[in-house]
Amino acid sequence: MKNRIITILIAIALTNNVSILAQDTRDTAKPNAISVYWRTLNPNEKEIFLFSYLTQVYDTHQKMINDLGYGDVTTWYFDNKAELIYGIFDEVNQKDMKEFIGWIDEYYRHDEFSGNSFDNALSFAYRFQQAAGETIWEKYENLKFGKIRPKN
């Protein structure tokens, strides 16, 4: 069982490295399966897909803790996958899931991001949902310069 989990983690790591290499060649980047699939879903299906994805990462991390303890592999998985998911679960409990899905839609609306991993889309959505500002430009400026502007 331990070897199987390690093999899965290596496959995830290799997949992430391939997506990083693909990002470096954005001019020739092709949409990945997740971005194409995401665009075909209706809002309710997106909500189900997102919740299923988040739950799968959470369950995998909990299983790793139970089976492997808090060793190097479990720590790596938390740092590279689960930590963002825990943050999203906290955020989704406080804000509307539809807003979060809207940010994922915004990310995949840009062709230059269509070849990036779903984790990149989740990270984008998480950061922008938390950023101060009313418009995407205000949120971008606040994230870029690390400041929070007053609402007035």
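Residues numbered from 1 in each chain as written. Predicted model: local features only at pLDDT ≥ 70, side-chain atom pairs only at ≥ 80, totals over all residues. Heavy atoms only, no water.

> Tell me about the overall build of the protein, residues and numbers included.
When helices and strands are counted, the protein shows 7 helices and 0 strands. Going from N to C terminus, the protein has its helices and strands arranged as α-α-α-α-α-α-α. A burial count over the protein gives 36% of its 152 residues as buried. Contacts in the protein between residues at least 24 apart in sequence constitute 62% of all its contacts with a sequence separation of at least 6. Roughly 9700 Å² of accessible area belongs to the protein as shown, and the carbon and sulfur atoms make up 56% of that amount. (Helix = DSSP H or I, 4+ residues; strand = E, 2+ residues; numbered from the N terminus. Buried < 20%, exposed > 50% of the residue type's maximum accessible area, 1.4 Å probe, protein only. Contact = heavy atoms within 4.5 Å. Areas by Shrake-Rupley, 256 points an atom, 1.4 Å probe, with all protein chains shown as cover.)

> Would you mind going over helix α3 (residues 43-68) in detail, with residue names and values included?
Taking 1.5 Å of rise per residue, the 26 residues of α3 would be expected to cover 38 Å, and the 37 Å separating its terminal C-alpha atoms lies within 8% of that figure. Of the residues that open α3, the one with a side-chain oxygen 3.0 Å from the backbone nitrogen of Asn-44 is Asn-42. Directly beyond the C-terminal end of α3, a positive phi value near 80 degrees is found at Gly-69. (Expected span 1.5 Å × (residues − 1). Polar contact = N/O pair within 3.5 Å; in protein donor to acceptor, adjacent residues only side chain to side chain.)

> Help me get a handle on the packing of aromatic side chains, residues and values and all.
Here the structure, examined in full by the defined rule, presents 13 aromatic pairs. Pairing Tyr-58 with Tyr-86 gives two aromatic rings, centres 5.5 Å apart and planes at 85 degrees, and the pair type is edge-to-face. Separated by 28 residues along the polypeptide, Tyr-58 in helix α3 and Tyr-86 in helix α4 (residues 72-94) bring together distant segments of the chain. With relative accessibility at 32%, the residue Tyr-58 sits in the partly exposed group. (Phe/Tyr/Trp six-rings, centres within 6.5 Å; stacked < 30°, edge-to-face > 60°.)

> Mind laying out the environment of Asn-80, listing which residues take part and the relevant values?
Its place among the elements puts Asn-80 in helix α4. Along the backbone, Asn-80 and Asp-119 are 39 residues apart, and their C-alpha atoms lie at a distance of 9.7 Å. Within the structure, the side chain of Asn-80 is placed 2.8 Å from the backbone oxygen of Trp-76, a separation counted as a polar contact.

> Which residues make up the pattern of salt bridges, and what are the values?
Per the counting criterion, the structure on display carries 6 salt bridges. In this structure, Arg-109 and Glu-106 form a salt bridge, with 2.5 Å as the shortest nitrogen-oxygen distance. A residue pair is termed a helical-turn pair when its members lie 3 or 4 positions apart in one helix, as Arg-109 and Glu-106 do in helix α5 (residues 97-109) at 3 residues. Classification of Arg-109 as exposed rests on a relative accessible area of 53%. (Salt bridge = Lys/Arg side-chain N within 4 Å of Asp/Glu carboxyl O.)

> Describe the packing of helix α2 (residues 33-40) against α5, and please don't skip the residues or the numbers.
Axis separation between α2 and α5 bottoms out at 11 Å; the angle between their running directions is 125 degrees. As judged from the angle between their axes, α2 and α5 are oblique. The handedness of the crossing between α2 and α5 is left-handed. Judged by residue contacts, Ile-34, Ser-35, Trp-38 and Arg-39 of α2 engage Ile-101, Ile-104, Asp-105, Tyr-108 and Arg-109 from α5. Grouping the constituent residues of the contact of α2 with α5 by class yields 5 nonpolar, 1 polar and 3 charged. (Axes fitted to C-alpha atoms, helices over the stretch in contact; angles between N-to-C directions. Parallel < 35°, antiparallel > 145°, perpendicular 65-115°, else oblique. Left-handed = near helix turned anticlockwise from the far one by under 90°. Nonpolar A, V, L, I, M, F, W, Y, C, P; charged D, E, K, R; others polar.)

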